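Remarks on the overall topology
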Amino acid sequence: MKLGIVGLPNVGKSTLFNAITNAGAQSANYPFCTIEPNVGVVAVPDPRLDKLAEMYDPEKYTPATIEFVDIAGLVKGASKGEGLGNKFLANIREVDAVVHVVRCFENDDIVHVEGSIDPKRDIETINLELILSDMEILDRRIDKTSKLLKGDKKYQAELEFFNRVKEALSEGRPARSVDCTPEEAELLSTVSLLTNKPVIYAANLSDTDFKDGSADGNPYFAVVKEIATEEHAGVLPICAEIEAEISGMEPEEKELFLSEMGLEQSGLDRLINACYDLLGLISYLTAGKPEVRAWTIKKGTKAPQAAGKIHTDFERGFIRAEVVAFDDLMSCGSMAAAKEKGLVRSEGKDYVMKDGDIVLFRFNV
């Protein structure tokens, strides 16, 4: 999974990226300091995998990973190539979801590119550039569909839907804000629209506003929350400063610091959980002496397709999946004990995988 971190210059975007990836992207108090997209790969924290590692003492421990891409700051005119616009649009096109960092803190020492703090304006600035790019792409699709309609009336509904999306874009609303039936959503996914990508608004707060992981007292956060609701987007209060502070700490020290702040998880952990929810992702696990490993799949994935994540041969020659729920394995203490109690199930090709399933796939090619 690849997540693009975007935002106007000086909103805390690169500070957050540095903190969550320890990749050392340059962070400076002026626009365009991040010229090439910086990439950092982070492990997805999963306590279940840690428990399996204790049980099996494996030779290899492989968590799921997420790739974060820190994309150059964007300014007005990006859709026309202003600043680093073309590069920005190309980089954002390649990610699965967008983490849009929005400045919700006051600090006279950090210059805002627009001269004041206004989350609504900042969000609109970036959305507008993406919308302008999308309108060009959608116009081409509408033109193509109009030509097809002349020979086949079945394209009428498609044309009407695309015109409805265009109307939303013309009003300054992103494509993801358009209410769709499942069929329309499928149709929309065939057009490569930037504003249809899933988005989490990361509201970057000062450490004084960020108490117990809440931002309810911050008026800027309330604005971001409202916009996220209208757009069918996610929203997450975060403090890049705190993340920067804990990024270099040892695990025990970090846990103590978070506890003192009234936080159960770091911002990175909460961001990863929010992204999994937003994208409809779950993890299944494989366990044995050679390796314990987490595999990321979409909710609703059936056993053969989940097996295909490991190797295409597993899907092609799928026979069955031997499945035990994580909690059942832990309560029994071993796979042998779980089998004795009848908790290890043999599932066929129609089985829908569940989060935390521990699986052994049987296949033959």
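Residues numbered from 1 in each chain as written. Predicted model: local features only at pLDDT ≥ 70, side-chain atom pairs only at ≥ 80, totals over all residues. Heavy atoms only, no water.

This next bit is on the packing of aromatic side chains. Within the structure shown, the criterion is met by 5 aromatic pairs. Relative to phenylalanine 162, the ring of phenylalanine 161 lies with its centre 5.8 Å away and its plane at 45 degrees, an arrangement referred to as tilted. Taking 5.8 Å as the distance between ring centres and 90 degrees as the angle between the ring planes, the aromatic pair formed by tyrosine 284 and phenylalanine 361 counts as edge-to-face. Here tyrosine 284, found in strand 8 (residues 281-286), pairs with phenylalanine 361, found in strand 12 (residues 357-363); they are 77 residues apart in sequence, far enough to count as distant. Judged by its relative accessible area of 7%, phenylalanine 361 falls in the buried class. A connected cluster of aromatic rings, assembled from ring pairs, spans Tyr284, Trp295, Phe318 and Phe361. Directly above the ring of tryptophan 295 sits arginine 293, whose terminal nitrogen or CZ lies 4.0 Å from the centroid. (Phe/Tyr/Trp six-rings, centres within 6.5 Å; stacked < 30°, edge-to-face > 60°. Helix = DSSP H or I, 4+ residues; strand = E, 2+ residues; numbered from the N terminus. Buried < 20%, exposed > 50% of the residue type's maximum accessible area, 1.4 Å probe, protein only. Lys NZ or Arg CZ within 6 Å of the ring centre and 35° of its normal.)

This paragraph deals with the environment of leucine 278. Position of leucine 278 among the secondary structure elements: in helix 10 (residues 267-279). For leucine 278, a relative accessible area of 29% gives the class partly exposed. For the pair leucine 278 and glycine 234, spaced 44 residues apart in sequence, the C-alpha separation works out to 6.8 Å. Those residues in contact with leucine 278 that sit more than four places away from it in its chain are Pro198, Val199, Ile200 and Gly234. (Contact = heavy atoms within 4.5 Å.)

Our focus in this paragraph is the pattern of salt bridges. Taken as a whole and judged by the stated rule, the model has 19 salt bridges. Linking aspartate 139 and lysine 166 is a salt bridge whose minimum nitrogen-to-oxygen distance equals 2.9 Å. With aspartate 139 in helix 4 (residues 119-151) and lysine 166 in helix 5 (residues 156-170), this residue pair connects regions lying 27 residues apart in the sequence. Accessibility expressed as a relative area gives 33% for aspartate 139, which makes it partly exposed. When salt bridges with common partners are traced through the structure, they connect Asp46, Arg48 and Asp355 into a single cluster. (Salt bridge = Lys/Arg side-chain N within 4 Å of Asp/Glu carboxyl O.)

Time to look at the environment of alanine 306. Along the chain, alanine 306 falls in helix 11 (residues 303-310). Not counting residues up to four positions away in its chain, the partners in contact with alanine 306 are Tyr284, Ile297, Thr301, Met353 and Phe361.

Turning our eyes to something else, we now look at the packing of helix 4 against helix 5. Two numbers describe how helix 4 lies on helix 5: the axes approach to 10 Å, and their chain directions differ by 160 degrees. In this view, helix 4 runs roughly antiparallel relative to helix 5, as classed from their interaxial angle. Here the hand of the crossing between helix 4 and helix 5 comes out left-handed. Across the interface between the two elements, Ile131, Asp134, Met135, Leu138, Asp139, Arg141, Ile142, Thr145, Ser146 and Leu149 of helix 4 pack against Gln156, Glu158, Leu159, Phe162, Asn163, Val165, Lys166, Leu169 and Ser170 of helix 5. For the contact of helix 4 with helix 5, a count of residues per class yields 9 nonpolar, 5 polar and 5 charged. (Axes fitted to C-alpha atoms, helices over the stretch in contact; angles between N-to-C directions. Parallel < 35°, antiparallel > 145°, perpendicular 65-115°, else oblique. Left-handed = near helix turned anticlockwise from the far one by under 90°. Nonpolar A, V, L, I, M, F, W, Y, C, P; charged D, E, K, R; others polar.)

Bringing the packing of helix 4 against helix 7 (residues 219-231) into the picture now. Relative to each other, helix 4 and helix 7 sit at 40 degrees, their axes nearing to 9 Å. Comparing their axes, helix 7 and helix 4 come out oblique. Across the interface between the two elements, Pro119, Lys120, Ile123 and Asn127 from helix 4 touch Tyr220, Val223, Val224, Ile227 and Glu231 from helix 7. Here the contact of helix 4 with helix 7 is built from residues that sort into 6 nonpolar, 1 polar and 2 charged.

The subject of this paragraph is helix 10. Between the first and last C-alpha of helix 10 there are 18 Å, a value that for 13 residues agrees with the 18 Å anticipated at 1.5 Å per step. In terms of residue burial, helix 10 counts as a mostly covered element, since 10 of its 13 residues are buried. The set of residues buried in helix 10 consists of Gly267, Leu268, Asp269, Arg270, Leu271, Ile272, Ala274, Cys275, Tyr276 and Leu279. Backbone geometry just after helix 10 places glycine 280 at a positive phi near 65 degrees. (Expected span 1.5 Å × (residues − 1).)

Any functional reading would require information that these geometric values do not contain.
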